[in-house]
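Below, each chain spelled out in residue letters.
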Amino acid sequence: MFDRRIAVVGTGYVGLTTGACLASLGHRVVCADVDEKKVERLRSGEIGIQEEGLAELVSEGVAAGRLSFVVSAAAALVELEREGAPVEVMFLCVPTPMGVGGIADLAAVEAVIEEVRDALPAGVVVVNKSTVPVGTTDRTAELLERDDVVVVSNPEFLREGSAVQDFLNPDRIVVGSSSQDAAERVAALYARLGAPMVLTDAASSEMIKYAANCFLAMKLSYVNAIAELCERLDADVVDVTEGIGYDKRIGQAFLSPGPGWGGSCLPKDTHALLQVADSADFEFRLLRATIDTNTRQYQRMVDKIRTAVTGRRKGSLTHKRLALFGLTFKAGTDDLRDSPALGVAALLKQAGANLVGYDPGISRAASAIDHTLLTVLDDPYLAATDAEAIVILTEWPEFRALDWPRLASVINTPLVIDTRNLLDPDVPRRAKFAWIGVGRRATDTGGGASP
Ligand code: UDX
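Structure report, in brief. Not measured: the values here are computed from a predicted model.

## Concerning the overall build of the chain
For the chain, the count of helices and strands is 16 helices and 14 strands. Its C-alpha atoms give the chain a radius of gyration of 24 Å, near enough to 22 Å, the size a compact globule of 451 residues would have. Within the span of the chain, comprising 451 residues, buried residues form 53% of the whole. A separation of at least 24 residues holds for 71% of the contacts in the chain among residues at least 6 apart in sequence.

Here it is in structure tokens:
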């Protein structure tokens, strides 16, 4: 027997992870998507995204008869009904891309509501998992125009690449609703996970998601600013972050400086909350500064590269060949959305550099990268051939295992600019490379860290 009968609408990384994980907890789950081809692929076991453990969970769920895929939200309701008992909970996991002025575009949520309005059985709980502006859960309920259906907010806190792990080992479950009964029914779906439960109203629940992601973004912008100051004052950011991270109120996580933060969530959510604040007539200066610090970080990396490659602050990068190692927004994903690596690449291109890229998660053939921006190669040694520098932009652990003597034999100038402080500097140095990190002492960087 199944615990609950659930429809999940949208099979992106949030929807598919939610569906597969809920099925693994013993629920009967039908996942729906508007994309027929995607549904066909999912039925044949092809999950199409790089997410650790997800393919296995999907095939286990399908084999156990707890998980299936259909085209359209309405079809998911029909499928459950056909099995003899109606849907009890329907999750909305559709995209909410950044729309005009930074506010989330809710067209997909609205389309699903239109589609299921008359088909939802009485008493069903609709759960909003997509990140949406504060007030959207209540607005969704208004759009639905059904007194016998409750809409609840239940934000996800899944990191790309470790979404299954995050779903099954959550720090907390947040459910927001004016109906205590509906909130408890949603919370009960996760009971087996033993996580702390925060039951609140819908607006607070929506706010929790934004407040969490914007805090993470703020922490990263703060540490990137501290790294810059370390360079100017000849301190070492690695020691500084270790020193502050032991304070339990601060914590060690999310303290690695880099070329800036990106991805499908932090940029979108920071802009959306800023917009929400604007519309509430609140000048959220701290959040504005968080975003501005990040935008400036790309330029700071370009200045660092320029100084290192030309030996001068204002030297010219025109026709300088640079090998960019790591193009995705973080390691362990093939996602290029709002990647800081591509942000830095665009500025380097503007400065006249010739760019060649290599990324362990991106193949030349499959790359969606604009080839006028850079040429993607599948081999790091070919990418480094005749280059004036290697620039590490994503923290792929694979880069630690590169053959530095071999790179030294093909590169024009043995110089590596490590914007993630990924390498043990002694490793490239043994192969006569100059190594430059972010926020490191000049003595540790061969004297060339500060732009
Ligand atoms: C994020 C949140 O972590 C997750 O809880 C939320 O629900 C979705 O958004 P994700 O977008 O997968 O997850 O990326 P995350 O791992 O948070 O990294 C975001 C960016 O910060 C990346 O560009 C990453 O490289 C950068 N980062 C992260 C750093 O520069 N330094 C760090 O110490 C950590």
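Read on, since the account is not over.
## What to know about the site of the ligand
As a matter of local geometry, the ligand sits amid 19 residues, with Glu-160, Ser-256, Cys-265, Phe-329 and Arg-420 nearest to it. A distance of 2.7 Å is found between an oxygen atom of the ligand and a backbone nitrogen or oxygen belonging to Glu-160. One of the side-chain N or O atoms of Lys-330 is found 3.0 Å from an oxygen atom in the ligand. In isolation the ligand exposes 670 Å². Once the protein is present, 92% of that is buried. When residues of the shell around the ligand are assigned to their parent elements, the largest contribution, four residues, is made by helix α9 (residues 202–233). Looking at the shell around the ligand residue by residue, the classes come out as 10 nonpolar, three polar and six charged.

## Structural notes on helix α2 (residues 36–43)
Put simply, Asp-35 is the residue that caps the front of α2, since its side-chain oxygen is 3.1 Å from the backbone nitrogen of Lys-37. Immediately downstream of α2, the backbone of Gly-45 shows phi near 90 degrees, a positive value.

## Some thoughts on unusual backbone geometry
Of note, the phi angle at Phe-254 is positive, near 60 degrees, even though the residue is not glycine. Relative to the helices and strands, Phe-254 is located in the loop between α10 (237–245) and α11 (266–279). Note on Phe-254: relative accessible area 34%, which makes it partly exposed.

## Points about the side chain of Arg-117
Turning to its location among the elements, Arg-117 is positioned in the loop between α5 (107–116) and β5 (125–128). Judged by relative accessible area, which is 15%, Arg-117 ranks as buried. Here Leu-144 takes part through its backbone oxygen, which lies 3.2 Å from a polar atom of the side chain of Arg-117. With sequence-adjacent residues up to four places away left out, Arg-117 is seen in contact with Leu-143, Leu-144, Glu-145 and Arg-146.

## Let's talk about the packing of aromatic side chains
With the rule as written, the count across this model stands at six aromatic pairs. Look at Phe-167 and Tyr-190: their rings are 5.8 Å apart centre to centre, the planes differ by 40 degrees, and that puts the pair in the tilted class. Of this pair, Phe-167 sits in helix α7 (residues 163–168) while Tyr-190 is found in the loop between α8 (180–189) and β8 (197–200), placing the two residues 23 residues apart along the sequence. On the basis of relative accessible area, Phe-167 is assigned to the buried category, the value being 6%. Exposure remark for Tyr-190: the relative accessible area of 3% places this residue in the buried category. An aromatic cluster is defined as three or more aromatic residues linked by ring pairs; in this entry it consists of Phe-325, Tyr-358 and Phe-399. Looking at Lys-209, its charged tip hangs above the ring of Phe-157, at a distance of 6.0 Å from the centre. For the cation-ring pair, Arg-406 lies above Tyr-381, with the distance from its terminal atom to the ring centre recorded as 3.8 Å.

## As for the nonpolar core
As a rule of thumb, soluble globular proteins bury nonpolar side chains together. Grouped together as the largest cluster of nonpolar side chains are 40 residues, with contacts concentrated most on Leu-22, Phe-91 and Tyr-190. Those residues in contact with Leu-22 that sit more than four places away from it in its chain are Ile-6, His-27, Val-29, Phe-91, Phe-167, Leu-189 and Tyr-190. With 33 residues, the next largest nonpolar core counts Leu-336, Ile-369, Leu-374 and Ala-389 among its residues.

Cut-offs used in this document
- Residues numbered from 1 in each chain as written.
- Predicted model: local features only at pLDDT ≥ 70, side-chain atom pairs only at ≥ 80, totals over all residues.
- Heavy atoms only, no water.
- Helix = DSSP H or I, 4+ residues; strand = E, 2+ residues; numbered from the N terminus.
- Rg over C-alpha atoms; globule rule 2.2 N^0.38 Å.
- Buried < 20%, exposed > 50% of the residue type's maximum accessible area, 1.4 Å probe, protein only.
- Contact = heavy atoms within 4.5 Å.
- Near = heavy atom within 4 Å.
- Polar contact = N/O pair within 3.5 Å; in protein donor to acceptor, adjacent residues only side chain to side chain.
- Areas by Shrake-Rupley, 256 points an atom, 1.4 Å probe, with all protein chains shown as cover.
- Nonpolar A, V, L, I, M, F, W, Y, C, P; charged D, E, K, R; others polar.
- Phe/Tyr/Trp six-rings, centres within 6.5 Å; stacked < 30°, edge-to-face > 60°.
- Lys NZ or Arg CZ within 6 Å of the ring centre and 35° of its normal.
- Core = buried A, V, L, I, M, F, W, Y, C linked by side-chain atoms within 4.5 Å.

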